[in-house]
Amino acid sequence: METENRIKVYNVIILDKSGSMSSIAKQAIDGVNETIASIKHNQEKHPERDNRITLVAFCGCEIRKIYEQAPVGEVRPITSADYRPCCMTPLYDAIGNTITSVHHMMEGDSNAIASVTIITDGYENDSKEFSHTAIKSLIEAYKSEGWLFAYIGADHDVEAVAFRLSIDNHLAFDKTQEGTHTMFSRLQDNWSDYVDEVAPIMASEELDADKKKEVLRKRSRNFFNM
């Protein structure tokens, strides 16, 4: 089956690597690698899909694209060389730069699925390109197209930040080894359930593009309640 005839799944992970993440750096690396393995497993079960991974780690020094729309089969586990926490939290810049880039790459993929997961342990404190208003507007625009957004956080008011960003799905986790492991496990389980439900709908020839977007909008609002 040719790639252009398959349902493309854009898996986007935006991971905070500010200094306060140092205490769970190993757990964050392990969790990301387990998530990659879970996506690979889903791809093996469903070769009719085309899973792509964008993985961005950000701090005040850099917004680093470790992977950018890489076919999941080409993605390798990350190491401490890829993820070294330091300095500040330019959350809005990381979100804005990443999702606008992915949106540009998705142009022409009418049956694509986009899933964006943001993981951070603190508030925005260092963005220079994107404001809160700009990020909220982008998220609302992409949600209208059926994108799924999930905001996962520790050590701050996760629900309040998600609400201010117009993100429906939020999850708070304990910044411990056990808490981080539990969070990533839940993320993987919910992602698998979500994609397995919506991918066949996107592949349907009986629904038009508007109806498919409507289904995605409805399902993406209840990601952690599936």
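Residues numbered from 1 in each chain as written. Predicted model: local features only at pLDDT ≥ 70, side-chain atom pairs only at ≥ 80, totals over all residues. Heavy atoms only, no water.

### Details of the environment of Ile63
Position of Ile63 among the secondary structure elements: in strand β3 (residues 63-71). Beyond its immediate sequence surroundings of up to four residues, Ile63 is in contact with Val56, Ala57, Phe58, Asp93, Ala94 and Asn97. (Helix = DSSP H or I, 4+ residues; strand = E, 2+ residues; numbered from the N terminus. Contact = heavy atoms within 4.5 Å.)

### Description of empty space enclosed by the protein
As enumerated under the stated definition, the model contains two cavities of 30 Å³ or more in all. Reported here for the largest cavity is a volume of approximately 100 Å³. What lines the largest cavity is simply Asn11, Val12, Ile13, Thr35, Ile39, Ser115, Thr117, Leu148, Leu187, Gln188, Trp191 and Phe223. Of all the secondary-structure elements, those providing two or more residues to the lining of the largest cavity are β1 (7-16), α1 (25-45), β4 (113-120) and α5 (177-203). In terms of residue class, the lining of the largest cavity is built from seven nonpolar, five polar and no charged. Looking at side-chain class alone, the lining of the second largest cavity contains three nonpolar, two polar and two charged residues. (1 Å grid on protein atoms, 1.4 Å probe; cavity = no way out; pocket = protein on both sides within 12 Å on 5 of 7 lines; lining within 4 Å. Points joined across faces, edges and corners; volume = space filled by probe spheres on them. Nonpolar A, V, L, I, M, F, W, Y, C, P; charged D, E, K, R; others polar.)

### Topic: unusual backbone geometry
Apart from glycine, the bulk of residues carry a negative phi angle, and the bulk of peptide bonds sit in the trans form. Phi at Gln69 is positive, roughly 50°, even though this residue is not glycine. Its place among the elements puts Gln69 in strand β3. Phi at Cys87 takes a positive value of approximately 50°, unusual for a residue other than glycine. Assessed through its relative accessible area of 36%, Cys87 is described here as partly exposed. (Buried < 20%, exposed > 50% of the residue type's maximum accessible area, 1.4 Å probe, protein only.)

### Describing the sheet that holds β4
One open sheet holds the six strands; their spatial order is β3-β2-β1-β4-β5-β6, and the pairing between them is mixed. Taken across any chain shown, the strands that pair with only one partner, and hence form the sheet edges, are β3 and β6 (169-172). Averaged over all neighbouring strand pairs, the angle between strand axes comes to 10°, with direction disregarded. One ladder, built from seven bridges, connects β1 with β4; its direction is parallel. Directly across from Ile14, in β4, lies its bridge partner Ile118. (Pairing = 2+ DSSP bridges. Axes fitted to C-alpha atoms, helices over the stretch in contact; angles between N-to-C directions.)

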